[in-house]
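Listed below are the residues making up each chain.
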Amino acid sequence: MVLPRLRAYIIRKTLVSLLKLLRLIHRKAQTFVLFFRMSKPTSDLENQFSAPSPPPFDPTQPAVPISYPIKTLEELDSRSYFESFHYPFNKASVALQSAPSSLPLPNRPRVIVCHDMAGGYGDDRWVQGGTNSNAYAIWHWYLMDVFIYFSHSLVTLPPPCWTNTAHRHGVKVLGTFITEWDEGKLICNKLLSTKESAQKYAECLTELAVALGFDGWLINMEIELKSSQIPNLKEFVSHLTQTMHSSVPGSLVIWYDSVTTDGKLNWQNQLNEKNKPFFDICDGIFVNYTWKKNYPMLSADVAGDRKYDVYMGIDVFGRGSFGGGQWNTSVALDVLKKDGVSTAIFAPGWIYETNQPPNFQIAQNHWWALVEKSWGIAQNYPKVLPFYSNFDQGHGYHFSVDGEQVSDAPWCNISSQGFQPFLEYTDNSTPDGIQVHIDFREASYSGGGNITFKGKLEDNAIFTARLFQGDLLLGDLPLHFTYSVKSENNSQLGLCLNFSSALKEIKSVLIVSQNLNQFSSKFNKVIMTRQLEKPGTSPGWVIQESNISMSGYRLTEIHALCYQSEPEFDERRQNSFSEGQDNSCTQNPTDYYAVLGHISIETFGHNSGFPPSDLWLVEGQYIKWTTGSKGSKNLSLKITWKLKDGNDYAFRNYNIYVEKLAEDALGHPGATLGVHEYLGVAQVEAFYVSDLEVPSGTSNIKFIIQVSGVGGSSQKLTESPVFLLDTEAW
C-alpha cells in the first residue's frame, strides 16, 4: 500500500495536496473492497478480485455480519444504520471492567492509543470472526487508558471486537467523527448551518455510542471553516459532550488539534489560545504530533489543573514526530512523562504494516516493552471476580473448548481475547534458562493460545514469570483457583501469589502440586493443589485446583512458578503422561517444558451452573436454501436465542455447533452424519450461518448453542439449547 510507505517521509504542512490524492485513492480502494466483496471472510484479496463482482452491498439484506462506517450526514440523520441487518451483531457485549465504570480517568498522565491501521475495517470487520490467523491485533491493554478506532470515513464506528476486549481490560473506547477536504467542507456547511442542526447531529452520535456500547468520540475537523461557523462548531462539541456524559457516565469527547477558533486549518502542536476554547468544552485535546520539546510544558501551563487532559500526539510512523516515532517512540514518551502531560500514540499498526523483523509477535512485544519501560503500567487485573484468562490473543490455527480441540481451521476474532498476561519481553537471540512466550501452534486448553515455558532448569531450582498485576480486595469467602497444565518429564508448574494488607504488609503464597520443602522458607504459605478430573479433556492436560483465604488483603501479583518434581512424584507423573501422549523424545534431566492453558479465580462456592436448555427460546430466521453439488443443498439462516424468563445472566460467549441427522427406517431423525461441527463463536444472542453444506439424505439439522460462563467453563453440549430444522419442511 502506497500511503503507509510514504507516511514516514511526509510532513502534513508541506505536502497536503499529495496526501489528498493518496487518501482519495486509498478511500476508494477501501470502499471497493468493503462494499463490493462481502460474500465470505477471507485473507486472500487476490482471490477476491479474481471472481466476478457481486451486487452492491445492501445493509438491509441478510449476509455475513460486518462492521462498517457511516459515510454521509444523510445516512446519520436518517438513522438507517439501525435498520441494517448487521446492527444487532455490532453491539458490544462486554461492559467496561472498572469499578465503577462511571469514574473519570485516573488523576495521572494517561495513554491514548489511536488505531490507524490500513484505513480500518480490515480483518476486524468480520463480527463473527475471520480466517486470517495472522490478522492484526493489540494485546498490551495494560499499558493504555483509552483506545480510539480511527478511519477516514465521516463516522467511524468501532467494530465490537475492539470494544469487547478493551472493556474487558478496563480501557475506554472511542469512535471518530472526521471531516476532511472539499467533501468535509460541504458536510460542515450542513452540520454547522444552525445551532439546532449542530445539536441534532451531536445527538445522533450519542445515540450510536449508546446503542453500540462504546464510550465516546474523537472529533477531527480537519478543514478550513468560516469564522461565522465557529459558534455552531462549539455548540456541536459542547452538546455532544453534555449528551454523552448524561447518557454514558464516564464517557469522553476528545478534540483533535486541527481547525482553530478563527476557522483556519492550522495545527498548533500545543494547547494555546487558538484551540483552548474547544478544550474547555470537552474532555481533552489530542495535540498534533509535530510538537517541539518545550511545547508539552507550555501546554501544561495553559491547561492548569487539567494538564492530564492534554494528550500530546506521537505518530509511530514518524512524519515529523518528536524523536522520530518508530523504535524511538519512547524518546517522546520520556519528555511527556517528565513534563506531566498525557500522550496519544497514533498508528501503532506501523509494526504490522511495515513487517518489522523478525516477526510481528516478537516485534510487537519488543515495541510495547519500550513503552512500558518509559511510561509504566496503566491497568491492573484481576480487579473483580470471577477472573478468567486463557491467554488467547484473538487469533490462531486451531480452537479448543474446555481442553478439547473443536476446530483445526485458522481464525481471527479479537472479541475472543482473554485477559492478556503482563509477560516481560526478553531478547531470545541467545536463549539461556527458561523462555516464556505465547504459543499458537501447540495444543490449547481454551481458545487458540497458551503460555509455553521451555528451556533449562537446574536441579532444585525454580523460575518465576510475571502473569498479572492485580488489585483485587478479598472478602471473607476463600478464593478458588483452577489452572490447566501440560508438561513433559519432571517439569511442573505452580502459581506464586503476592498479597498486600491495608498496612502494606506483603505476603507471598505458593500454590503447587507437591510440597517443595527446599523452597518453603521463601514463602509465607505453601498450599497443595488437588487434581481435578474433567471428562472430555484431551490427553496430557492436568487441571489443578486450590482454595485460599486472605480476608482483607489485596491480591496484587500472580506469577507462574517453574520447578521439577521429586523423583518418586516424577515416576508417577511420567507414567500418567505416557498413557496419553507419545513421549519418544526424551529430554535431559535439566530440560524443562510446560504449558499453562488457563487460569480461573472465583469466590469459593460460586454457582457456575447454566440455565437448562428448556429455559431458552431458540429461533431460526431468514432461512434460505440454494442448490449445491452432487445433490446437496446450501443453507443460510440467522439463529437467535434468549431466556424465556427474561433474566439477565452474565455469560462470556456462545459456541455454535451443528449436527446433521439422517432419517431412520421409520422416517424419524436417526444417526448423526458425522460428529458435531464447530461453526464459530457468538458474542451476542444471534449467529448467522452462511452457505452451510447439507448432504443429500439429511432429514434434520440441529444447531447447538453452548453457553460459556465468565468463569471460563462451558455448558455440556448434551444440556445446551438447540434449534432443530426439518429439511423436508423447506
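Residues numbered from 1 in each chain as written. Predicted model: local features only at pLDDT ≥ 70, side-chain atom pairs only at ≥ 80, totals over all residues. Heavy atoms only, no water.

## What about the overall build of the protein chain?
Definition in use: Each helix is a run of DSSP H or I of at least 4 residues and each strand a run of E of at least 2, with the numbering of both proceeding from the N terminus. Type-normalised accessible area, obtained with a 1.4 Å probe on protein chains alone, sets the label of each residue: buried when under 20%, exposed when over 50%, and partly exposed for intermediate values. Pairs of residues are marked as contacts when any of their non-hydrogen atoms sit within 4.5 Å. For every accessible area listed, the method is Shrake-Rupley and the probe measures 1.4 Å; residues are considered covered only by the protein chains on display.
Broken down by element type, the protein chain carries 14 helices and 33 strands. In the protein chain, which comprises 730 residues, the proportion classed as buried is 57%. At a minimum sequence separation of 6, the contacts of the protein chain that also span at least 24 residues come to 75%. For the protein chain, the exposed area adds up to about 29800 Å²; of that, 52% sits on carbon and sulfur atoms.

## What about the sheet that holds strand β21 (residues 525-528)?
For clarity, the cut-off: A pair of strands is labelled paired if DSSP reports no fewer than 2 bridges between them. The convention used is that axes are lines fitted to C-alpha atoms, helices contributing only their stretch in contact, and that angles between N-to-C directions extend from 0 to 180 degrees.
Strand order across the open sheet formed by 5 strands is β17-β24-β19-β20-β21, with mixed pairing between neighbours. If you trace the sheet from one side to the other, it starts and ends with β17 (463-473) and β21, each paired once. The sheet shows a mean angle of 20 degrees between the axes of neighbouring strands, direction not considered.

## Description of the sheet that holds strand β27 (residues 633-643)
Spatially, 3 strands are ordered β26-β27-β31 in an open sheet, and the strand pairing comes out antiparallel. The open sheet has two edge strands with one neighbour each: β26 (616-627) and β31 (686-694). The average angle at which neighbouring strand axes cross in this sheet is 20 degrees, direction not considered. Where β27 and β31 come together, 7 bridges link them in antiparallel fashion. If you follow Thr 640 over to β31, its bridge partner there is Ala 686.

## Description of the side chain of Asn 450
For clarity, the threshold we go by: Here a polar contact means two N or O atoms within 3.5 Å. Within protein one must be a hydrogen donor candidate and the other an acceptor candidate, and residues neighboring in sequence count only if both atoms are side-chain atoms.
Locating Asn 450 in the fold gives a position in strand β16 (residues 450-456). Residue classification places Asn 450 among the buried residues on the basis of a relative accessible area of 0%. There is a polar contact of 2.8 Å between the side chain of Asn 450 and the backbone oxygen of Ala 443. Leaving out residues up to four positions away in the same chain, Asn 450 has contacts with Phe 391, His 437, Ile 438, Asp 439, Glu 442, Ala 443, Ser 444, Val 595, Leu 596 and Gly 597.

## Concerning the nonpolar core
Note the cut-off: The set of buried Ala, Val, Leu, Ile, Met, Phe, Trp, Tyr and Cys residues whose side-chain atoms join them within 4.5 Å is what this entry labels a nonpolar core. What counts as a domain boundary in this text is fixed by an automatic or database domain assignment.
Of all hydrophobic cores here, the largest spans 150 residues; its most connected members are Trp 217, Leu 233 and Phe 236. Here this core takes 8 residues from helix α7 (residues 195-212), the largest share from any one element. Lining this core are residues from two domains, each supplying at least three of them: domain 1 (109-127 + 135-375) and domain 2 (387-565 + 588-603). Other than its neighbours up to four places away in sequence, Phe 236 contacts Phe 177, Leu 191, Leu 192, Ala 198, Tyr 201, Ala 202, Leu 205 and Ile 219. Ranked by size, the runner-up nonpolar core spans 23 residues in total, among them Tyr 654, Leu 692, Phe 703 and Phe 723.

## Considerations on helix α6 (residues 181-191)
We apply this condition: Note that the arc is computed from the directions linking the helix axis to the C-beta atoms.
Within α6, the full set of buried residues consists of Trp 181, Gly 184, Ile 187, Cys 188 and Leu 191. All buried residues of α6 fall inside an arc of 100 degrees around its axis, so they share one side.

## Considerations on the confidence of the model for the protein chain
Definition in use: Confidence of the predictor at the level of single residues is given by pLDDT, which spans 0 to 100.
The pLDDT averaged across the protein chain works out to 88; a share of 87% of its residues lies at or above 70. A low-confidence stretch, residues 1-21 (pLDDT under 50), is modelled with 36 contacts involving residues beyond four sequence positions or located in other chains. Long-range and interchain partners of residues 23-40, a stretch whose pLDDT sits below 50, account for 51 contacts in this model, where long-range means more than four residues apart.

## Let's talk about the environment of Lys 383
Among the structural elements, Lys 383 can be located in the loop between α13 (360-375) and β10 (387-389). Sequence separation between Lys 383 and Arg 554 is 171 residues; the distance between their C-alpha atoms is 9.5 Å. Discounting chain neighbours no more than four positions away, the residues touching Lys 383 are Gln 97, Asp 471 and Leu 472. A distance of 3.4 Å separates polar atoms of two side chains, one belonging to Lys 383 and the other to Gln 379.

## Overview of the pattern of salt bridges
The line we're drawing: Here, a salt bridge means any side-chain nitrogen of Lys or Arg that lies within 4 Å of a carboxyl oxygen of Asp or Glu.
For the structure shown, the criterion picks out 15 salt bridges. Among the salt bridges present, the one from Lys 200 reaches Asp 77, with a minimum N-O distance of 3.2 Å. Of this pair, Lys 200 sits in helix α7 while Asp 77 is found in helix α4 (residues 73-78), placing the two residues 123 residues apart along the sequence. The exposure class assigned to Lys 200 is partly exposed, which follows from its relative accessible area of 34%. A salt bridge links Arg 110 to Asp 309; its shortest N-O distance comes to 2.8 Å. Highlighted residues: Arg 110 in the loop between α4 and β1 (111-115) and Asp 309 in the loop between α10 (295-303) and β8 (310-315), separated in sequence by 199 residues. With respect to class, Arg 110 is no different from Asp 309; both count as buried. One continuous salt-bridge network, built from bridges that share partners, spans Arg 110, Arg 306 and Asp 309.

## Focus on the packing of aromatic side chains
For clarity, the threshold we go by: Classification of ring pairs rests on two measures: the distance between centres of Phe, Tyr or Trp rings, Trp counted by its six-membered ring, which must be within 6.5 Å, and the angle between planes, read as stacked under 30 degrees, edge-to-face over 60 and tilted in between.
A complete count under the given rule lists 43 aromatic pairs for this structure. Note on Tyr 381 and Phe 419: the rings are 5.1 Å apart at their centroids and 45 degrees apart in plane angle, and the pair reads as tilted. With Tyr 381 in the loop between α13 and β10 and Phe 419 in the loop between β14 (411-412) and β15 (434-439), this residue pair connects regions lying 38 residues apart in the sequence. Accessibility assignment for this pair places Tyr 381 and Phe 419 in one class, buried. Relative to Tyr 654, the ring of Trp 616 lies with its centre 6.4 Å away and its plane at 85 degrees, an arrangement referred to as edge-to-face.

## Considerations on the packing of α7 against helix α8 (residues 230-247)
As a reminder of what qualifies: Put simply, a crossing is left-handed when the front helix is turned counterclockwise from the back one by less than a right angle, and right-handed when it is turned clockwise.
Contact geometry for α7 and α8: axes closest at 8 Å, N-to-C directions at 35 degrees. The interaxial crossing formed by α7 with α8 has right-handed handedness. Here Lys 195, Ala 198, Gln 199, Tyr 201, Ala 202, Glu 203, Leu 205, Thr 206, Ala 209 and Val 210 of α7 come into contact with α8, specifically with Asn 232, Glu 235, Phe 236, His 239, Leu 240, Thr 243, Met 244 and Ser 247.

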